[in-house]
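Here's the letter readout for the chains.
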Amino acid sequence: MDTIQIKDKRFSVSIKEQDILREVTRVANEINRDLAGKNPLFVSVLNGSFMFTSDLMKRITIPCEISFVKLASYQGLSSTGVIKEVIGINEDLTDRTVVIVEDIVDTGLTMQRLLETLGTRKPKEIHIASLLVKPEKLKVDLNIEYVAMNIPNDFIVGYGLDYDGFGRNYPDIYTLKE
Ligand code: 5GP
C-alpha cells in the first residue's frame with residue numbers, strides 16, 4: 001500500500017519495513033557491543049514504541065531485562081499547562097544501566113521529563129534509544145546515542161505511531177500528505 005487514509009487525512013509510504021528493520025538491527029548491534037556485561041534494563045515507553053521495542057529486543061543478545069512505562073498527560077501548573085507523569089516503573093533502578101526505548105523524539109520535552117523522573121531513582125547511567133528523531137525540531141540538549149533514523153519535520157504514522165489512535169498496526173512508516 002503506497003497511500004493510506006486515516007480518518008480525514010491521507011498518508012503516503014515513506015520508510016518501508018525492510019529499511020526500518022535494517023536500522024533497528026544496526027542499533028541492536030551497537031547496544032550489544034556497548035552494553036555487554038552491564039545487564040541493562042530496557043524501559044519501553046508505551047504506546048508508540050511497542051513495535052520498535054519488539055523488533056529491537058529480538059535482536060538484543062546480551063543478558064537484559066525489560067519494563068514498560070506510560071506517560072499520563074493531565075492539565076496542571078507547568079509552563080505548557082500539561083504535565084506528563086511517568087507511570088508503571090516498579091523496578092529498583094539503583095545502580096542499573098537503563099536504556100529508554102522511545103518511538104520518536106520531536107521537541108525532546110517528553111524525553112527530558114523521562115530523564116528527570118528516572119534520574120531520581122539513582123540509576124548508574126541512562127542511555128536513550130529512539131526509533132526516530134526530528135533534528136530540526138529538537139528544543140533541548142539531549143544525548144541520543146542510539147537512533148535508527150533521522151527524519152524531516154513531517155507528521156508520520158505506522159510502525160507503532162498513531163494518528164488519533166489509528167495507524168499503529170502498519171509495518172511501514174507513512175508521512176502525512178499536504
Ligand atoms: P516531544 O516531547 O519530543 O515533542 O514529542 C514526543 C512525542 O510526540 C512522541 O512520543 C509521540 O507520541 C509524539 N509525536 C511527535 N512527532 C510525531 C509524529 O510525527 N507522529 C506521531 N504519530 N506522533 C508524534
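Residues numbered from 1 in each chain as written. Predicted model: local features only at pLDDT ≥ 70, side-chain atom pairs only at ≥ 80, totals over all residues. Heavy atoms only, no water.

- For the protein chain, the name recorded in an unreviewed UniProt entry is Hypoxanthine phosphoribosyltransferase, with Prevotella heparinolytica as its organism.
- One UniProt comment on the protein chain, placed under Cofactor (unreviewed entry), says "Mg(2+)".
- UniProt annotates the protein chain under Sequence similarities (unreviewed entry) with the comment "Belongs to the purine/pyrimidine phosphoribosyltransferase family." (UniProt positions renumbered as here; feature names shortened; annotations may be inferred.)

A look at the packing of aromatic side chains
Here is step 1 of the chain: One pass over the structure, following the stated rule, counts 4 aromatic pairs.
Here is step 2 of the chain: Ring plane angle 80° and centroid distance 6.3 Å describe the contact between phenylalanine 155 and tyrosine 163, whose orientation is recorded as edge-to-face.
Here is step 3 of the chain: Taken together, the aromatic side chains of Phe11, Phe155 and Tyr163 make up a single cluster linked through ring pairs. (Phe/Tyr/Trp six-rings, centres within 6.5 Å; stacked < 30°, edge-to-face > 60°.)

Comments concerning the site of the ligand
Here is step 1 of the chain: Taken together, 15 residues sit near the ligand, with Thr107, Gly108, Thr110, Ile156 and Asp162 positioned nearest.
Here is step 2 of the chain: Between the ligand and aspartate 162 there is a distance of 2.8 Å, counted from a nitrogen atom to a backbone nitrogen or oxygen.
Here is step 3 of the chain: If the ligand stood free it would expose 520 Å²; the protein chains cover 80% of that surface.
Here is step 4 of the chain: When contributions to the shell around the ligand are tallied by element, the ones reaching two or more residues are strand S6 (97-105) and helix H3 (109-119).
Here is step 5 of the chain: Among the elements that make up the shell around the ligand, the one with the highest residue count is S6 (4 residues).
Here is step 6 of the chain: Along the lines of polarity and charge, the residues of the shell around the ligand split into 6 nonpolar, 3 polar and 6 charged. (Near = heavy atom within 4 Å. Polar contact = N/O pair within 3.5 Å; in protein donor to acceptor, adjacent residues only side chain to side chain. Areas by Shrake-Rupley, 256 points an atom, 1.4 Å probe, with all protein chains shown as cover. Helix = DSSP H or I, 4+ residues; strand = E, 2+ residues; numbered from the N terminus. Nonpolar A, V, L, I, M, F, W, Y, C, P; charged D, E, K, R; others polar.)

Regarding the pairing of strand S7 (residues 125-133)
Here is step 1 of the chain: Burial analysis of S7 places 8 of its 9 residues in the buried class, the great majority of the element.
Here is step 2 of the chain: Direction of pairing for S6 relative to S7: parallel, over a ladder of 8 bridges. Residue pairing in the sheet places valine 101 in a bridge with alanine 129 of S7.
Here is step 3 of the chain: In this fold, S6 hands off to H3, which returns the chain to S7; that crossover is right-handed.
Here is step 4 of the chain: Relative to strand S8 (residues 146-150), S7 runs parallel, the two sharing 4 bridges. In the strand pairing of S8, alanine 129 is matched with tyrosine 146. (Buried < 20%, exposed > 50% of the residue type's maximum accessible area, 1.4 Å probe, protein only. Pairing = 2+ DSSP bridges. Right-handed = clockwise from strand over helix to strand, strands pointing away.)

Let's talk about the sheet that holds strand S1 (residues 3-6)
Here is step 1 of the chain: Pairing within the open sheet is antiparallel, and its 4 strands lie in the order S1-S2-S10-S9. Single-partner strands in this sheet number two, and they are S1 and strand S9 (156-157).
Here is step 2 of the chain: Here strand S2 (residues 9-15) runs beside strand S10 (residues 173-176); their pairing, made up of 4 bridges, is antiparallel. Each residue of the ladder has a partner; that of valine 13, found in S10, is tyrosine 174.

Let's talk about the environment of threonine 53
Here is step 1 of the chain: Mapped onto the secondary structure, threonine 53 falls in helix H2 (residues 50-57).
Here is step 2 of the chain: A relative accessible area of 3% places threonine 53 in the buried class.
Here is step 3 of the chain: A sequence separation of 29 residues divides threonine 53 from valine 24, and the C-alpha atoms of the two residues are 9.5 Å apart.
Here is step 4 of the chain: Apart from the residues lying within four places of it in its own chain, the contact partners of threonine 53 are Ser44, Ile66, Phe68 and Val101.
Here is step 5 of the chain: Polar side-chain contacts of threonine 53 include one of 2.6 Å to the backbone oxygen of serine 49. (Contact = heavy atoms within 4.5 Å.)

What to know about the packing of helix H1 (residues 17-34) against H2
Here is step 1 of the chain: Close contact between H1 and H2 brings their axes to 9 Å; oriented N to C, the two are set at 60°. Relative to H2, the element H1 lies oblique. Note that H1 runs across H2; the crossing there is right-handed. Contact with H1, carried on its side by Leu21, Val24, Val27, Ala28 and Ile31, involves Phe52, Asp55 and Leu56 of H2 and no other residues of that element.
Here is step 2 of the chain: Each residue belonging to the contact of H1 with H2 can be placed in one class, and the counts come to 7 nonpolar, no polar and 1 charged. (Axes fitted to C-alpha atoms, helices over the stretch in contact; angles between N-to-C directions. Parallel < 35°, antiparallel > 145°, perpendicular 65-115°, else oblique. Left-handed = near helix turned anticlockwise from the far one by under 90°.)

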